[in-house]
Amino acid sequence: MAAWLAEPRRRAVVVLLATLVGMAVTARLGVWQLSRAAQKEALQSALESRGGLPELVQSTLPGDEAQALAQHYRPVRLQGEWKQGATVYLENRQMNGHPGFFVLTPLMLGPDDAVLVQRGWTPRNTQDRTFVQPVPTPTGRVEVIGQMAPPPGRLFDFAGAAASGVIRQNLALADFSRELGVSLRPWTVLQVNAPGIAADGLLRQWPRPAADIHKHYGYAFQWFGLCALLAGLYVWFQLLRPRLQRRA
């Protein structure tokens, strides 16, 4: 008789513990998503404030990654020469929701000093994915106006092969530097449209780095909703429903 009474009680304890654990985990995940949103909001605020700072000129450019991190998305004005024959197209990159390529070309600041410029975006050819629209790369000295930025984000590469050729999935600055035999700075430049820039057909409506803040609020709402659902199910099946059944 005692064992028969202990079994439902043991089951009720297990259900209670499982519910509490589930609620704790989902609530913690919701709080984590809110903290991620707060971090990105702070990042966006810092980046917007940097955008209003004076332009960096070549004499004040950061030389290492740590210095560059504090200058990301600050305006920059550079003068140099495009490295001919070194333009790379990063595929599967979107702008305004359309698939295409990011066009990257090193800008030579000196004999062995270069920075990779993200010159803009060009659409993908829907008939031939291996075709890319040639981008004018003038010789001689040019001026580039843009923002300092980290290297392009990496996408998952199913092939896992080493990057090579004109069209690539990803581009690592260190590997590209060795390939070219030129020292590339550990940051890039997002080129922007400016008066006097030569028409090259590239789109330069770069997305904001923290534009997906709303996504984290959505995830947080889902986790908190699941937490509330677990609590509601426990109250109904373990407390209210048995009581209603006993009254019936």
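Residues numbered from 1 in each chain as written. Predicted model: local features only at pLDDT ≥ 70, side-chain atom pairs only at ≥ 80, totals over all residues. Heavy atoms only, no water.

### With respect to helix α3 (residues 173-180)
Phase 1 of the analysis: Leu173, Phe176 and Ser177 are the residues of α3 that are buried. The buried residues of α3 occupy an angular sector of 105° when projected down its axis, which confines them to one face.
Phase 2 of the analysis: Residue glycine 181 follows α3 closely and has a positive phi angle near 75°. (Buried < 20%, exposed > 50% of the residue type's maximum accessible area, 1.4 Å probe, protein only. Helix = DSSP H or I, 4+ residues; strand = E, 2+ residues; numbered from the N terminus. Arc of directions from axis to C-beta.)

### Focus on the pattern of salt bridges
Phase 1 of the analysis: As enumerated under the stated definition, the model contains 6 salt bridges in all.
Phase 2 of the analysis: Between arginine 77 and glutamate 55 there is a salt bridge, with the nearest N and O atoms lying 2.8 Å from each other. Here the residue arginine 77 occupies a position in strand β1 (residues 75-82), and glutamate 55 occupies one in the loop between α1 (2-51) and α2 (65-69), the gap between them amounting to 22 residues.
Phase 3 of the analysis: In this structure, arginine 178 engages aspartate 175 in a salt bridge whose closest nitrogen and oxygen atoms are separated by 2.3 Å. (Salt bridge = Lys/Arg side-chain N within 4 Å of Asp/Glu carboxyl O.)

### Overview of the confidence of the model for the chain
Should pLDDT be low for a region, the predicted coordinates there are not to be read in detail.
Phase 1 of the analysis: Here the chain averages 87 in pLDDT, and 94% of its residues register 70 or above.
Phase 2 of the analysis: Ranking the elements of the chain by mean pLDDT puts α1 last, at 83, and strand β4 (residues 113-123) first, at 95. (pLDDT = per-residue confidence, 0-100.)

### Things to note about helix α4 (residues 213-247)
Phase 1 of the analysis: Along its 35 residues, α4 runs 50 Å from first to last C-alpha, staying within 8% of the 51 Å computed at 1.5 Å per residue.
Phase 2 of the analysis: The largest bend in α4 comes to about 35°, at tryptophan 236.
Phase 3 of the analysis: Those residues of α4 that fall on the buried side of the exposure criterion are Ile213, His216, Ala220, Cys227 and Tyr234. (Expected span 1.5 Å × (residues − 1). Bend = angle between axes of the 7 residues up to and from the residue.)

### Side note on the nonpolar core
Phase 1 of the analysis: Grouped together as the largest cluster of nonpolar side chains are 19 residues, with contacts concentrated most on Leu90, Phe102, Leu104, Leu116, Leu171 and Phe176.
Phase 2 of the analysis: At the level of secondary structure, the elements contributing two or more residues to this core comprise β2 (88-95), β3 (98-110), β4, α3 and β7 (184-191).
Phase 3 of the analysis: With near-sequence residues (within four places) excluded, phenylalanine 176 lies in contact with Ala86, Val88, Pro106, Leu116, Arg168, Leu171 and Leu184.
Phase 4 of the analysis: Grouped together as the second largest cluster of nonpolar side chains are 15 residues, Leu56, Leu61, Val117 and Val189 included. (Core = buried A, V, L, I, M, F, W, Y, C linked by side-chain atoms within 4.5 Å. Contact = heavy atoms within 4.5 Å.)

### Considering the environment of valine 103
Phase 1 of the analysis: Tracing the backbone shows valine 103 in strand β3.
Phase 2 of the analysis: When its relative accessible area of 0% is taken as the criterion, valine 103 is described as buried.
Phase 3 of the analysis: The spatial distance from the C-alpha of valine 103 to the C-alpha of glycine 120 is 5.6 Å, given a sequence separation of 17 residues.
Phase 4 of the analysis: For valine 103, the residues in contact, after removing those within four places along its chain, are Thr87, Val88, Tyr89, Val117, Gln118, Arg119, Gly120, Thr122, Val135 and Leu202.

### Some details on the side chain of histidine 216
Phase 1 of the analysis: In this structure, histidine 216 sits in helix α4.
Phase 2 of the analysis: In contact with histidine 216, not counting residues within four places along its chain, are Gln33, Arg36, Ala37 and Lys40.

### Details of the side chain of histidine 72
Phase 1 of the analysis: Relative to the helices and strands, histidine 72 resides in the loop between α2 and β1.
Phase 2 of the analysis: Given the relative accessible area of 12%, histidine 72 is considered buried.
Phase 3 of the analysis: Those residues in contact with histidine 72 that sit more than four places away from it in its chain are Leu47, Arg50, Met148, Ala149 and Pro150.

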